[in-house]
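A closer look at the structure
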Amino acid sequence: MKRVIAMVFLLTQIAFGQSGQRPAGVSAGEAQAVPPIKMFDNFYYVGNTYVSAYVLKTSAGLIMIDALHDQWTNISLEAMPKAGLNPKDIKYLIVTHGHQDHFGGAKAVKDLSGARVALTEADWKLMEGGRDSAAAPKRDMVITEGQTLTLGDTTIKFYVTPGHTPGIASMEFPVFDGGRQYKAFLFGGHNVTSNQPQAFEQMIASVKRLSSTLTGVSAYFTSHPWAASVVEKGALVRARKAGDPNPYIAPADFLAFMKERLTDHEARLSQMRR
Ligand SMILES: [Zn+2]
């Protein structure tokens, strides 16, 4: 039995590359629905195969991270009860950044639950001034570097990590597996999608800072699931038997991911400058 567990663990390590590159055939237009995944005792995946949304369950209600967009928001809200989550219990909606695929459903979440909505100052501006500003929720809470947000028994700590946008909100928070606590980190924007050297410089600085600041991260997540194999690991966690390892607990994957993010952006920046 021990050997089987060790093998499953090894396979997990091998099967999931730590790459932030978007795989072929994965886009907003090709997104598929994913049933809610209970990844930890208190942390759920409620996004689709293209863009992430998460729910952090606390003793005083739910914190939703990212709102999805278009029809996907309602698909997600309607699926939550299957995982025992009542979307009316959402107290806070944290939006990682001001791109429509992450904030498009914010008004719908707020209308249903009355949740307070939080973004960084830079990304409130990006959202309010962008081409999808009609979908922007009313200005509410502003996330700042080092700020914490506590709901019931759970505290989130924020990092502002520019690069993908000027005001990416990343965060660390506790997750529990069988009652045991681990540190989780969610990178709110792990890649640069513009061709601006400044954006690459910002991203490189953000990755370096996170790598030197964050310690003891056991599980990492991203605002698009393919960068952290979130959906693939869901299949494993669903098939998990008592005593099997939790596939999301992978400290080495986080370190490898950050290293890959640094070398990837440095290489692309130097290519740009050639
Ligand atoms: Zn984005």
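On to the overall build of the protein, then. Each helix and strand counted, the protein has 8 helices and 12 strands in total. Taken over the C-alpha trace, the protein has a radius of gyration of 18 Å; the compact-globule value for 274 residues is 19 Å, and the two agree within 12%. Overall, the C-alpha framework of the protein stretches about 55 × 50 × 35 Å when taken along its three principal axes. Within the protein, the fraction of its 274 residues that count as buried is 51%. Across the protein, the fraction of contacts at a sequence separation of at least 24, relative to all contacts at a separation of at least 6, is 64%. Put simply, the protein shows about 12300 Å² of open surface, and 54% of that area lies on carbon and sulfur atoms. Each charge class in the protein was averaged separately, 29 positive and 24 negative side chains, and the resulting centres sit 4 Å apart.

This brings us to the sheet that holds strand β5 (residues 90–94). On the basis of which strands lie adjacent, the open sheet formed by 7 strands has the order β1-β2-β3-β4-β5-β6-β7 and mixed pairing. At either margin of the open sheet sits one strand with a lone partner, and together these are β1 (37–40) and β7 (141–143). If you compare each strand with its neighbour and ignore which way they point, the axes differ by 25° on average. Sheet topology places strand β2 (residues 43–45) next to strand β3 (residues 54–58); 3 bridges connect them, and they run antiparallel.

It is worth spelling out the nonpolar core at this point. Of all hydrophobic cores here, the largest spans 79 residues; its most connected members are Met39, Phe40, Phe43, Tyr54, Met64, Phe173 and Phe221. Residue contributions to this core peak at 6 residues, all from helix α6 (residues 197–213). Beyond its immediate chain neighbours, meaning those up to four positions away, Met39 contacts Tyr44, Tyr45, Tyr54, Phe221, Val230, Val237, Asn246 and Tyr248.

Strand order across the open sheet formed by 5 strands is β8-β9-β10-β11-β12, with mixed pairing between neighbours. Bordering the open sheet on either side are β8 (148–151) and β12 (217–222), each of which pairs with just one other strand. Each strand of the sheet is rotated relative to its neighbour by a mean of 25°, with strand direction disregarded. In the sheet, strand β10 (residues 169–177) pairs with strand β11 (residues 180–187) via 7 bridges, with the strands oriented antiparallel. For Pro174, the partnering residue across the bridge sits in β11 and is Lys183. Set on the sheet, helix α8 (residues 251–273) makes contact with β11 and β12; between it and β12 the angle comes to about 55°.

Note: β1 against β2, 3 bridges, orientation antiparallel. Within the sheet, the bridge partner assigned to Lys38 lies in β2 and is Tyr44. The turn linking β1 back onto β2 is made up of 2 residues.

Inspection of every chain in the model, using the stated rule, returns 12 aromatic pairs. Look at Tyr220 and Phe254: their rings are 5.9 Å apart centre to centre, the planes differ by 50°, and that puts the pair in the tilted class. Here the residue Tyr220 occupies a position in strand β12, and Phe254 occupies one in helix α8, the gap between them amounting to 34 residues. Both residues of the pair, Tyr220 and Phe254, count as buried. Three or more aromatic residues joined by ring pairs form one cluster here, namely Phe40, Phe43, Tyr45, Tyr54, Phe173, Phe221 and Tyr248.

What counts and what doesn't
- Residues numbered from 1 in each chain as written.
- Predicted model: local features only at pLDDT ≥ 70, side-chain atom pairs only at ≥ 80, totals over all residues.
- Heavy atoms only, no water.
- Helix = DSSP H or I, 4+ residues; strand = E, 2+ residues; numbered from the N terminus.
- Rg over C-alpha atoms; globule rule 2.2 N^0.38 Å.
- Buried < 20%, exposed > 50% of the residue type's maximum accessible area, 1.4 Å probe, protein only.
- Contact = heavy atoms within 4.5 Å.
- Areas by Shrake-Rupley, 256 points an atom, 1.4 Å probe, with all protein chains shown as cover.
- Lys, Arg positive; Asp, Glu negative; His and termini not counted.
- Charge placed at Lys NZ, Arg CZ, Asp CG, Glu CD.
- Pairing = 2+ DSSP bridges.
- Axes fitted to C-alpha atoms, helices over the stretch in contact; angles between N-to-C directions.
- Core = buried A, V, L, I, M, F, W, Y, C linked by side-chain atoms within 4.5 Å.
- Phe/Tyr/Trp six-rings, centres within 6.5 Å; stacked < 30°, edge-to-face > 60°.

Purely geometric numbers; function is a separate question.
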